[in-house]
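So the chains spell out like this:
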Amino acid sequence: MELPLRVVLREDGSADPELDPGLDDEALRILFRKMALLRALDEKGLNLQRAGRIGFYIGATGQEAAEIGSGFALEEGDWVFPSYRDQGVALLQGYPLSELIGQLFGNSSDVTKGRQMPNHWCDRAARVVSVSSPVATQLPQAVGTAYAAKLRGEKIAVIGYFGDGGSSTGEFHAAMNFAGVFRTPNVFFCSNNRYAISLPVARQTAAASIAAKAAAYGIPGVRVDGNDVLAVFRVTRDALERARAGEGPTLIEALTYRIGSHSTSDDATRYRPAEEVEAWRGKDPIKRFAAHLKQRGLLDDPEEKAVFEEAREEVRRTVAVCEAAPPVPPESLVEDVYAEMPWHLEEQREWTRMPEKR
Amino acid sequence: MATMTLVQAIHDALGEEMERDPRIVLLGEDIGKNGGVFRATEGLWERFGAERVIDTPLAEAGIVGMAIGMALDGLRPVAEIQFADFIYPAFDQIVSELAKFRYRSAGQFTAPVVIRAPSGGGIKGGHYHSQSPEAYFIHTAGLNVVMPSTPADAKGLLASAMRDPDPVIFLEPKALYRTAKGEVPDAGSAVPLGKARIVRKGSDVTVVTYGATVRVAEEAAAQAEGEGTAVEVIDLRTLWPMDIEAVIGSVEKTGRAVVLHEAPRTCGFGAELAALIQEKAFLHLKAPVARVTGFDTPFPYALEKLYLPDARRTRNAIAAALSF
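Cut-offs used in this document
- Numbering of residues starts from 1 in every chain and runs along the sequence as written.
- Think of it this way: whatever chain is written first is A, whatever ligand is written first is 1, and the rest follow in order.
- Note on the predicted model: pLDDT of at least 70 is required for a residue's local features to be given, and 80 or more for side-chain atom pairs to be given and counted; whole-chain, interface and lining totals, by contrast, use all residues.
- Hydrogens and water are ignored here; the side-chain numbers use all heavy atoms of the structure.
- Segments assigned H or I by DSSP are reported as helices when at least four residues long, segments assigned E as strands when at least two residues long, and all are numbered from the N terminus.
- Radius of gyration means the value over C-alpha atoms here, while the globule rule gives 2.2 Å times the residue count to the 0.38 power.
- We call a residue buried when its accessible area falls under 20% of the maximum for its residue type, exposed when it is over 50%, and partly exposed in between, using a 1.4 Å probe and counting protein chains only.
- Contact between two residues is taken to exist if any of their heavy atoms lie within 4.5 Å; hydrogens are not considered.
- Each accessible area is a Shrake-Rupley result for a 1.4 Å probe, and residues are judged covered by the shown protein chains and nothing else.
- We call two strands paired when DSSP finds no fewer than two bridges between them.
- Each axis is a line fitted through C-alpha atoms, and for a helix only the stretch in contact is used; angles between axes span 0 to 180 degrees, taken between their N-to-C directions.
- Salt bridges are counted wherever a side-chain nitrogen of Lys or Arg sits within 4 Å of a carboxyl oxygen of Asp or Glu.
- Simply put, the buried area is the total loss of 1.4 Å probe accessible area from both parts when two parts are fitted together.
- A 3.5 Å cut-off defines polar contacts: any pair of N or O atoms within that distance qualifies, except that in protein one atom must be a possible hydrogen donor and the other a possible acceptor, and neighbouring residues in sequence count only when both atoms are side-chain atoms.
- Amino acids outside the nonpolar list (Ala, Val, Leu, Ile, Met, Phe, Trp, Tyr, Cys, Pro) and the charged list (Asp, Glu, Lys, Arg) are all regarded as polar, and Gly is one of them.
- The start and end points of each domain follow an automatic or database-based domain assignment.
- Here a patch means residues that are over 30% exposed by relative accessible area and free of salt bridges, tied together within 9 Å if like-charged and within 5 Å if nonpolar (Val, Leu, Ile, Met, Phe, Trp, Tyr).
- In this analysis, the expected span of each helix is defined as 1.5 Å times one less than the number of residues it contains.
- Aromatic contacts are taken between Phe, Tyr and Trp rings whose centres are within 6.5 Å, Trp giving its six-membered ring; a plane angle under 30 degrees counts as stacked, one over 60 as edge-to-face, and the others as tilted.
- Two conditions define a charge sitting above a ring: the NZ of Lys or the CZ of Arg must be within 6 Å of the ring centre, and it must be within 35 degrees of the ring normal.
- Residues belong to one nonpolar core when they are buried, are Ala, Val, Leu, Ile, Met, Phe, Trp, Tyr or Cys, and are joined through side-chain atoms within 4.5 Å.

### Things to note about the overall build of chain A
Secondary structure assignment for chain A yields 11 helices and 8 strands. Radius of gyration (C-alpha) of chain A: 21 Å, near the 21 Å computed for a compact globule of 358 residues. Taking the principal axes of the C-alpha coordinates as reference, chain A spans close to 70 × 50 × 40 Å. With 358 residues in all, chain A has 58% of them scored as buried. Across chain A, contacts joining residues at least 24 apart in sequence account for 74% of those joining residues at least 6 apart. When the accessible surface of chain A is summed, it comes to about 14400 Å², and 51% of that surface belongs to carbon and sulfur atoms.

As structure tokens, then:
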């Protein structure tokens, strides 16, 4: 069974009037600026890691349409259960850039006290849940939060992000199955970027698509061009509305491509032909959207340049502030394990104060 | 006060707390209409409805993952894992998710989930219905691990677990579900977490235990009394974070300690107890800390009685400590 691929932005830069979500000019400009910000963040993150100023970075280059298109469809009150590559969604939901960059440095500018490696952030106020490294563990959790909202009669939706690799896990299965059975207000958003570290999608599934798996759980599956920000926005908005209206969960598969390596610790040239990457560079989602905006008269070349320059400057400024912050205090090592510190951690806190006695 | 079995006390704690706190929901396999395979939730589905007493699909990682998500947004879920032996599919959700939300988010997110699981042997259940997995969870930073041995404690500790701001692994000694009967205080009497119970006082040797082996210790202590040995028995109740003062205070008095549990010996909780006792009470010790435990084998079916620590083995350990 082949599900149709939803596309809005055509090759010539025009939009399919049937599927065009009808965003106003200001919204379109915001989408573009956020995509540029995400790209600028990636450029800086990679450079900071290569220069040894942060330990690690995971980029979303090439996936900006999937990130920003889906994130822009979320409303206040919705919950996000992200994977480690979804910083764009977090920023759209109100996670401050300064906190995101502070988290990369893991010093006292990190509101989570340097507890996790880079790209493992969270923001309770924005309802963006703490990122975990094991993939897809967040999906059954997203079902529980959606169940809680449904139980209280709240008209919100809960979106869970994952990748093509995540679709192989038991947790993906459990979450789809639970969400189907309980008809929870969930959207499961798969950024199919074609690779789970080195393994291509063919090593994750023999199914025709990841979206096709939805049928087995009795929920709708949608395939969308993940490099088309308007199409991604459209299908995500529709699925979120469906969830909020009590019509149950949806599985969305956004077909995109990871231009960079899995992370700064990975070297994708070991397993991917250069021609393949080059071909996808030609399908850059930001350039594609820029062409559309230009056709609409909302952008020209100098403005495009200025948007990128502004984004880079914002990132640069924020990095300068965060990097200058002092390290996390040693005593914080034993905080937040429990609400109240038990005796054994009180003991161990003393060791952080007197390292010679450890 | 009413006299009831341990499983009835669990049932009453669930019902009373659900009345008190509308945020409490139960979820698990067969807990609704069927009332749970041990009947711990009998009648609660009828009383509180299918939305709060939730029969889930058969997937432990899904159950615990779902419970975490509920707790992140203000519910107080109590998940039932049908047997502790079936908890391993949810191990990642417990160890790397449930236990870590507070720490990894620096307190922004918390997951106050109670996971109830019938634990231990003595019911001819073989390997997959008899295990004692407490050491895995004690070893995991961020969890409370609790195991009652009396109906009163089962009710009071479970009530406290459901009010605690942190996750609790609540292991229920299934061998005692119907064999342990006792008086249970009426509604609202919680037993605090982190406090041990002195089951019986004695001055010659301390037996530290919990769960189903508390009665083994009592039996051994009663026999030893006939030979003029006064055994102090401590029921930890909360395994972790444990009541260190109760244990060290007792060992400082008696100078001898026997730790007793069903779980396998190597890296069992008894190893940690022995280490703590020698670290904190070394100069009071008159004999090495002895361990009476299960064997380092899979839990057996036919040889269950041999595997489980009994009064005879406990008395031998007591005698060895006294004659050292």
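Moving on, there is more to tell.
### Quick notes on the sheet that holds strand β7 (residues 221–225) of chain A
Residue and element names in this part refer to chain A. Within the open sheet, the 6 strands sit side by side as β1-β7-β8-β4-β3-β2. Their pairing is parallel. Both edges of this open sheet fall to β1 (5–6) and β2 (79–81), since each of them pairs with a single strand only. Across the sheet, helix α5 (residues 138–152) is in contact with β2, β3 (158–163) and β4 (186–192); its angle to β3 comes to roughly 175°.

### Notes on the pattern of salt bridges
All names here are of chain A. Scanning the model with the defined rule gives 44 salt bridges over all chains in all. Between E313 and R316 there is a salt bridge, and its shortest N-O distance comes to 2.7 Å. Placement of the pair is E313 and R316 together in helix α10 (residues 301–323), with a separation of 3 residues, close to one helical turn. When its relative accessible area of 37% is taken as the criterion, R316 is described as partly exposed. What you see here is one network of salt bridges that share partners, running through E43, E309, R312, E313 and R316.

### Details of the interface of chain B and chain A
Many structure descriptions define interface size as the accessible area lost when the parts assemble. Between chain B and chain A, the contact holds 44 residues from the first and 44 residues from the second. In total, chain B and chain A occlude about 3700 Å² of area from one another, counting both sides; carbon and sulfur atoms represent 63% of this. On inspection of chain B and its partner chain A, the count reaches 2 salt bridges. The interface formed by chain B and chain A includes 19 residue pairs in polar contact (both at pLDDT 80 or more). Sorting the residues of the side of chain B that touches chain A by element identifies β3 (53–55), α3 (60–72), α4 (91–97), α5 (101–104) and α10 (269–281) of chain B as the ones contributing at least two each. With 9 residues, α3 of chain B is the largest single contributor of residues to the side of chain B that touches chain A. Per-class residue counts for the side of chain B that touches chain A are 24 nonpolar, 11 polar and 9 charged.

### Considering the pairing of β4 of chain A
All names here are of chain A. Most of β4 sits inside the fold, with 7 of its 7 residues counted as buried. Along β4, one buried face is formed by N186, F188, C190 and N192 and the opposite face, lined by V187, F189 and S191, is buried too. Here 6 bridges tie β3 to β4, and the two strands are oriented parallel to one another. The partner of G163 across the bridge, within β4, is S191. With 6 bridges connecting them, β4 and strand β8 (residues 250–255) associate as parallel partners.

### A closer look at the domain arrangement of chain B
Residue and element names in this part refer to chain B. For chain B, the domain assignment lists domain 1 (2–184) and domain 2 (197–323). Using C-alpha coordinates to define each centre, domain 1 is positioned 26 Å away from domain 2. Each partner contributes to the interface: domain 1 provides 27 residues, whereas domain 2 provides 25 residues. Between domain 1 and domain 2, roughly 2000 Å² of surface is buried when both sides are summed, and carbon and sulfur atoms account for 57% of that area.

### A word on a nonpolar patch on the surface
All names here are of chain B. Judged by side-chain polarity, F295, L303 and L306 come together as a nonpolar surface patch covering roughly 300 Å² of accessible area. Mapped onto the fold, L306 is located in helix α11 (residues 304–307). Given the relative accessible area of 52%, L306 is considered exposed.

### Quick look at helix α6 (residues 170–182) of chain A
Residues and elements named next belong to chain A. An ideal rise of 1.5 Å per residue puts 18 Å on 13 residues; α6 measures up with 18 Å between its terminal C-alpha atoms. Among all positions of α6, only E171, F172, A174, A175, M176, F178, A179 and F182 are buried. Positive backbone phi, approximately 50°, marks R183, located one or two places after α6.

### Overview of the packing of aromatic side chains
Scanning the entire structure with this criterion turns up 26 aromatic pairs over all chains. A centroid spacing of 5.8 Å and a plane angle of 55° characterise the contact between F91 of chain B and F137 of chain B, whose relative ring orientation is tilted. On the criterion of sequence distance, the pair formed by F91 of chain B in helix α4 and F137 of chain B in helix α6 (residues 134–138) is long-range, its members being 46 residues apart. Overall, F91 of chain B belongs to the partly exposed group, its relative accessible area being 28%. Residue classification places F137 of chain B among the buried positions, given a relative accessible area of 0%. An aromatic cluster is present here, built from W79 and F81 of chain A together with F101 and F109 of chain B joined pairwise through their rings. Above the ring of Y103 of chain B, the side-chain terminus of R115 of chain A is found at 3.9 Å from the ring centroid. Between R104 of chain B and the ring centre of F101 of chain B, over which it is positioned, the NZ or CZ distance is 4.2 Å.

### A short note on the domain arrangement of chain A
According to the domain assignment, chain A contains domain 1 (5–327) and domain 2 (331–358). Here the C-alpha centroids of domain 1 of chain A and domain 2 of chain A sit 37 Å apart.

### Brief notes about the sheet that holds strand β14 (residues 290–294) of chain B
Residues and elements named next belong to chain B. Across the sheet, 5 strands lie side by side as β9-β11-β10-β13-β14; this open sheet has mixed pairing. Either end of the sheet is taken by a strand with one partner, and the two such strands are β9 (197–200) and β14. The mean inter-strand angle of the sheet, taken between neighbouring strand axes irrespective of direction, is 25°. Inspection of the sheet shows β9 paired to strand β11 (residues 231–235) by 3 bridges, in the antiparallel sense. Within the sheet, the bridge partner assigned to R197 lies in β11 and is D235. Its contacts with the sheet put helix α8 (residues 213–225) on β9, β10 (205–209), β11 and β13 (257–264), and the angle it makes with β9 is roughly 40°. Sheet contacts for helix α12 (residues 311–323): β10, β11, β13 and β14; angle to β14, the most-contacted strand, approximately 165°.

### Re helix α4 (residues 97–105) of chain A
Counting along an α-helix, one turn takes 3.6 residues, and residues three or four places apart therefore face a common direction. Residues and elements named next belong to chain A. When you tally the buried positions in α4, you get 7 out of 9 residues, the bulk of the element. Buried within α4 we find L97, L100, I101, G102, Q103, L104 and F105. Where α4 is buried, its residues touch α1 (25–50), α3 (87–92) and α10. G106 occupies a position one or two residues after α4 and carries a positive phi of about 60°.

### A few points about the nonpolar core
Generally speaking, soluble globular proteins have nonpolar side chains that are buried together. Ranked by internal contacts, the top residues of the largest apolar core, which has 87 residues, are F188 of chain A together with I94, I115, L236, M242 and F269 of chain B. The element best represented in this core is α3 of chain B, accounting for 8 residues. Sequence-distant contacts of I115 of chain B, defined by excluding residues within four places in its chain, comprise V64, A79, I81, I87, I94, L98, V168, I169 and F170 of chain B. Counting residues in each nonpolar core, the second largest holds 71 residues, with L48, I252, L293 and C322 of chain A among its members.

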